[in-house]
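# Reading the structure
One letter stands for each residue in the lines below.
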Amino acid sequence: MNEFTKTLCPYCGVGCGLEASPPAQHGKATNRDSQGTPIWRVRGDKSHPSSQGMVCVKGATISESLDKNRLHYPMVRNSLDAEFRRVSWDEALHIITNRIQTVRLTQGSQAICMYGSGQLQTEDYYLAQKLMKGCLGSNNFDANSRLCMSSAVAGYIQSFGADGPPCCYEDLELTDCAFLIGTNTAECHPIVFNRLAKYHKKNRHVKMIVVDPRRTPTAEAADLHLAIRPGTDIDLLNGIAHLLMRENYIDTGFIDDCTSNFPAYAEVIRHYSPEVVAHQCGISVEDLETAAKYWGKSKSVLSLWSMGVNQSAEGTAKVRTIINLHLLTGQIGKPGAGPFSLTGQPNAMGGREAGGLAHLLPGYRLVKNDQHRAEVEDFWQLPRGQISPSPGLSAWEMITGLETGNVGLLWIAATNPAVSMPDLERTKKALLKSPFTVYQDAYYPTETAAYAHVLLPAAQWGEKTGIMTNSERRVTLCQAFRQPPREAKPDWEIFAEVGRRLGFADKFAFRNSAEVYAEFVQLTRHRPCDMSGLSHEVLQAQGPTQWPHPVDDKFRDAKRLYTDLRFHTPDGRAKFAAYYSRGLAEVPDPNYPFVLTTGRLYGHWHTQTRTGRIEKIRQMHPQPFLEIHPRDAAALGIEDDDWLEVRSRRGYAKFPAKVTKAISPGTVFVPMHWGSLWADDAEANALTHSESCPDSLQPELKACAVQLIPISQATPVTTSQLQSSQR
Ligand SMILES: Nc1nc2c(c(=O)[nH]1)N[C@H]1C(S)=C(S)[C@@H](COP(=O)(O)OP(=O)(O)OC[C@H]3O[C@@H](n4cnc5c(=O)[nH]c(N)nc54)[C@H](O)[C@@H]3O)O[C@H]1N2
Ligand SMILES: Nc1nc2c(c(=O)[nH]1)N[C@H]1C(S)=C(S)[C@@H](COP(=O)(O)OP(=O)(O)OC[C@H]3O[C@@H](n4cnc5c(=O)[nH]c(N)nc54)[C@H](O)[C@@H]3O)O[C@H]1N2
Ligand code: SF4
Ligand SMILES: [Mo]
């Protein structure tokens, strides 16, 4: 047998193939971490088509985190100020099922909530939907994808009639123009970026445009960096459209035959003349014209985006405005072209397929659609009407539901909301009010454990076999290669056991995750994400495979969607959206004169539950910081490493300054990675607000208004001081 087990990196949505082998190999030197402890050997899988053997520092060091600070046993306590005591699984599940029954009787199923994550595997996600939306009749399953990809999901559904990124990674090496907006691909999707950057370097005709208020490592590599003011993306995109129309770079044949709603869009675009747009975005007219020229003259254009677009109070509108440009120029359904959202988490795509948001059902179905509900009810052999016709609570609505007492039970799995939710002081207060919180995680402690009544130890990556789908719709079987520590169990097994104990034994009679997956794929049959031809066995035999992959049509080319230029809308046409820009939800004012933006660093993963325990990565990013432009720093009278207090209307934090021209004047940046366990008062989300996009309900985590106070000084800086410094 091969000594290496094939799997997928459990960090970002690039989905790089990995191979793992045990620490002590006969006749070979043992790998050790910095403390000398033997660790699993992990290397890139050369046969994985998405990554071709490449890995970044996170994938390369993953095995160092597997055994540190794990949660080993179920633990319970009666109140949040009591100590946890260790209990058996039987006792913990008994307490949980009792509580579920009590809440059902006293408040109804609608008071039961589960908050999951794009780091669950597809089987975990699927059984959580079956339990919550099916058996319990509560659509209150939401995931941290609400904070991440939900604007992309809403944008695709509205423009194309269905979710699903239409492109593939090969397009990175086939395009004539890569348009990267609101994405720091070099740090956050490093292997996607490697593929693109290598090709860009070799092919001089290929253009790379980066739209980001910061000069990130991604922007460094671009032919054109548009450092727009935060929140002016729609202005920019409409401005590019204006020029494309004026210079007649548009594809009228495609518009006529394959789209709808063009006149309304054209009417909006009229108002976005280059001068107005350049002023609004804070860029030059020449740069705007260059962007339009690169787009217009290229045979193929690929746009890539992530959180700078999605995490916005107009996130869905931004996504649709990107798609508009592709429709205007016929840049979709062919090699090297299309709108391509870069998925954040390793299996957020699988979550979407399994229906893992409060408005979705498995197989790219919608809670609101009568036929979709009936199909799922029949398949699950539940009575018609069992699934509620209203979307459940979104992540933030669960928090406000705790405030009002409408949430009686909150079950959190594979996410750390006491760091990652917006408006953290409010979030924490709400969590403190929770009558009963179950927290199912692989590690202990995490910040959220402090708000739990019950802790359930989860088996994590490498300890359970399951499926993950990456950004290019490629489905990979991730084989277990080691035992879960002590009493930890796979998430799907926990959900199944609770289902059985609640009286649904026949619906959760799975012996292994392959059986769970086999049931799930049947629900994708004849759906846009058809995977009915896939199974653990098939994936084991043929390797990672892109969907659609129907059982009856195995040889369909699944590289790209919409190659026939027919879409999933009722009329088969892609729909133009007509949006004016609205800008930021919380605009700077004299009291809060700076825009704070938040994001990621190359080495760290989110709330550091793994990467904070890896020495190499800790050295790479030893502490939190705040990026500030030299002009703003001068106005505040501060220099590198001087400390600043940052205040918003909701909270405060403090950081040492990193004075850099990489950020635009008036904007400051802090990383999101430092929760209360990793630094004092350095939580980005102590400052952010919860205003969200009306369509996707995704909060605007990318911008809020703040004031900056040098720690030695007492008074905040006002706009007039700022402006005098910028003159
Ligand atoms: N190293 C690392 N990689 C990761 C992760 C991680 O934690 N660490 N997490 C993964 C996950 S879940 C996700 S969602 C992705 C996120 O991947 P990215 O979206 O690439 O990462 P972010 O740093 O959150 O934000 C990207 C950029 O948006 C810019 N931005 C802010 N405001 C605006 C705006 O108004 N307009 C535009 N155009 N840009 C703006 C920021 O300056 C920032 O550089 O990364 C994934 N990969
Ligand atoms: N200010 C600001 N806030 C943000 C963002 C931002 O850009 N700025 N980005 C948002 C986005 S895009 C995201 S995706 C979120 C991420 O935020 P979180 O989801 O809160 O971050 P993670 O640290 O990835 O948390 C994952 C948890 O799952 C656990 N875990 C890992 N594997 C398993 C498993 O197999 N089973 C179980 N049960 N647990 C497991 C880990 O130990 C960890 O505690 O943050 C959001 N918050
Ligand atoms: S690029 Fe993403 S998937 Fe690939 S090794 Fe790095 S973190 Fe893992
Ligand atoms: Mo994300």
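In this numbering scheme, every chain counts its residues from 1 along its sequence in written order. Labels are handed out in written order, letters beginning with A for the chains and numbers beginning with 1 for the ligands. Since the coordinates come from a predicted model, pLDDT governs what is reported: local features require at least 70, and pairs of side-chain atoms require 80 or more to be given and counted, while whole-chain, interface and lining totals use all residues. In computing side-chain properties, one takes all heavy atoms of the structure into account and sets aside hydrogens as well as water.

- Under an unreviewed UniProt entry, the name given to the protein chain is NarB protein, and the source organism is Richelia sinica FACHB-800.

## Quick look at the domain arrangement of the protein chain
- Boundary definitions for the domains trace back to an automatic or database domain assignment. Taken domain by domain, the protein chain holds domain 1 (5-65), domain 2 (75-145 + 346-510), domain 3 (150-341) and domain 4 (594-725).
- Using only C-alpha atoms to locate each centre, domain 2 and domain 4 end up separated by 32 Å.
- Using a 1.4 Å probe, buried area is obtained as the accessible area two parts lose upon being combined, added over both of them. Here domain 2 and domain 4 share an interface that buries about 1800 Å² over both sides, 56% of which is from carbon and sulfur atoms.
- Salt bridges are counted wherever a side-chain nitrogen of Lys or Arg sits within 4 Å of a carboxyl oxygen of Asp or Glu. At the boundary of domain 2 with domain 4, the tally comes to one salt bridge.
- Across the pair Lys428 and Glu683 runs a salt bridge whose closest N-O atoms are separated by 2.8 Å.
- Distance and chemistry together define a polar contact, namely a pair of N or O atoms within 3.5 Å, with one atom able to donate a hydrogen and the other to accept it when in protein, and with adjacent residues in sequence counting only for side-chain atoms on both sides. At the junction of domain 2 with domain 4, the criterion picks out 12 residue pairs in polar contact (both at pLDDT 80 or more).
- Here a strand is any run of E in DSSP of at least two residues, a helix any run of H or I of at least four, and the numbering for each starts at the N terminus. Elements represented by at least two residues in the side of domain 2 that touches domain 4 include exactly α17 (395-404), α18 (417-420) and α19 (424-433).
- Top element by residues in the side of domain 2 that touches domain 4 is α19. It accounts for four residues.
- Of the residues belonging to the side of domain 2 that touches domain 4, the class tally is 10 nonpolar, six polar and six charged. Gly falls in the polar group here, along with every residue not listed as nonpolar (Ala, Val, Leu, Ile, Met, Phe, Trp, Tyr, Cys, Pro) or charged (Asp, Glu, Lys, Arg).

## Some thoughts on unusual backbone geometry
- Look at the link from Tyr444 to Pro445: it is a cis peptide, with omega at 0°.
- Its location among the elements puts Pro445 in the loop between β17 (437-441) and β18 (454-457).
- One non-glycine residue with positive phi stands out, namely Gln52, at about 50°.
- Assessed through its relative accessible area of 41%, Gln52 is described here as partly exposed.
- Although it is not a glycine, Leu697 sits at a positive phi angle of roughly 60°.
- Of note, Leu697 is situated in the loop between β27 (667-671) and β28 (704-710). Burial classification: accessible surface area is computed with a 1.4 Å probe over protein chains only, and a residue below 20% of its type maximum counts as buried, one above 50% as exposed, and the rest as partly exposed.

## So, the site of ligand 1
- In the neighbourhood of ligand 1, 34 residues make up the surrounding shell, with Cys188, Asp212, Asp233, Arg600 and His604 lying closest.
- Asp233 has a polar side-chain atom sitting 2.6 Å from a nitrogen atom of ligand 1.
- All accessible-area figures derive from a Shrake-Rupley calculation using a 1.4 Å probe, and residue coverage is judged against the displayed protein chains alone. Calculation on ligand 1 without its partners gives an accessible area of 910 Å², and the protein chains cover 99% of this total.
- Those elements giving two or more residues to the shell around ligand 1 turn out to be α5 (185-188), α13 (307-310) and β23 (594-599).
- Residues that form the shell around ligand 1 fall into these classes: 11 nonpolar, 15 polar and eight charged.
- In terms of domain composition, the shell around ligand 1 takes at least three residues from each of domain 3 (150-341) and domain 4 (594-725). Note on definitions. A residue lies near a molecule or strand when any single heavy atom of the residue is within 4 Å of it.

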